[in-house]
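Each chain, written out:
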Amino acid sequence: MKSGETFDSADENRSTTDATTRRGALGLAGAVGIASLAGCTALDVATGDGPAEFAAGTATVSDTTLSESGYELNEVSDEVISREVEVGGQTREVRVTNTVAEYDKAVELFGERYQAAVFAAVTTPQIEVLGRALNPIAELGTRERADLILSRYEGVGDLERGSEYSTAVLGSDAEVVVYTADGEIEGTGASTELELHIGEPVGVEDDFVLPLAAYPAAFSDGENVRRMMNGLEHEPNEEN
């Protein structure tokens, strides 16, 4: 962080509705989708003329947990990814709908408020190929998962892997890797050290859920991030 530029931690829990800068939901840009289907020759849904569709449920943080953490909901969004695959010698379209629930927390900087800390839960549907459930998120390494959350910052560099820990996520023990990086909060030009918590995807009902978080290291917000992961709830897609 540049000299003289500091975060006012006393304002961390203030409402974020008046924040100056709030970026949209994570742009998955196809990174989490149906890459695992590449090269597959048959699907359990091989019959039929229309597209084979898989839609995720939604993983969100409980209201009680949010009230304790100081984070607020930014938005819950869907992203539809489509790809043509070979099925029984014929080409068939497969559509996957992922869901991203994104939360953030504002800080005071230069007399304005900026959304500097972010927590996200990415939910993607399980896809069955020849009776085996595929986990598209698992195809991404932790470094690639880190890139998803780093899209909320500018000028990111010097990403380094640090410690690891295990915590409860939706009834499973999930491994979490902590990274540090340098970056800028959008719209400020202020550089700061970032801390990232990159979880592994966990299976729940017909979905996989990936928890991600990033915040200025000066926040020392690791306990709140762990609390958010522990407080995730899952609602399945009833249309599947």
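Here is what the cut-offs are and how they apply
- Residues numbered from 1 in each chain as written.
- Predicted model: local features only at pLDDT ≥ 70, side-chain atom pairs only at ≥ 80, totals over all residues.
- Heavy atoms only, no water.
- Helix = DSSP H or I, 4+ residues; strand = E, 2+ residues; numbered from the N terminus.
- Buried < 20%, exposed > 50% of the residue type's maximum accessible area, 1.4 Å probe, protein only.
- Contact = heavy atoms within 4.5 Å.
- Areas by Shrake-Rupley, 256 points an atom, 1.4 Å probe, with all protein chains shown as cover.
- Core = buried A, V, L, I, M, F, W, Y, C linked by side-chain atoms within 4.5 Å.
- Salt bridge = Lys/Arg side-chain N within 4 Å of Asp/Glu carboxyl O.

### Some remarks on the overall build of the protein
Along the protein, the regular secondary structure elements total three helices and 13 strands. Looking at the protein as a whole, 50% of its 240 residues are labelled buried. Across the protein, every contact between residues at least 6 apart in sequence was considered, and the portion connecting residues at least 24 apart equals 69%. If you sum the accessible surface of the protein, you get close to 10700 Å²; carbon and sulfur atoms cover 41% of it.

### Quick notes on unusual backbone geometry
Leaving glycine out, the prevailing phi sign among residues is negative, and the prevailing peptide bond configuration is trans. One non-glycine residue, Asp158, lies in the positive phi region at around 55°. With respect to the secondary-structure elements, Asp158 resides in strand E8 (residues 153-169). Take Asp158: its relative accessible area is 56%, and that puts it in the exposed class.

### Side note on the nonpolar core
In a soluble, globular protein the nonpolar side chains are often hidden away together inside. Among the nonpolar cores identified, the biggest contains 29 residues, and Tyr71, Tyr103, Phe119, Val209 and Leu232 are the most heavily contacted of them. Going through the elements one at a time, strand E2 (58-61), strand E4 (90-109), strand E5 (112-125), E8, strand E9 (172-185), strand E11 (202-204), strand E12 (207-216) and helix H3 (222-230) are the ones with two or more residues in this core. Once residues within four sequence positions are removed from consideration, Tyr71 is found in contact with Leu66, Tyr103, Asp104, Lys105, Ala117, Val118, Phe119, Tyr215, Asp221, Asn224, Val225 and Met228. Membership of the second largest hydrophobic core comes to 20 residues, among which are Val122, Tyr153, Tyr179 and Ala181.

### Here's the deal with the environment of Glu79
Structurally, Glu79 is set in strand E3 (residues 72-87). Once the C-alpha coordinates of Glu79 and Val100 are considered, the two residues, 21 residues apart in sequence, prove to be 8.1 Å apart.

### Considering the pattern of salt bridges
Applying the stated criterion across every chain, the model contains seven salt bridges. In this structure, the salt-bridge partner of Arg227 is Glu68, at a minimum N-O distance of 3.8 Å. Of this pair, Arg227 sits in helix H3 while Glu68 is found in helix H1 (residues 63-69), placing the two residues 159 residues apart along the sequence. A relative accessible area of 48% means that Glu68 is categorised as partly exposed. Where salt bridges share partners, they join Glu102, Asp104 and Arg152 into one cluster.

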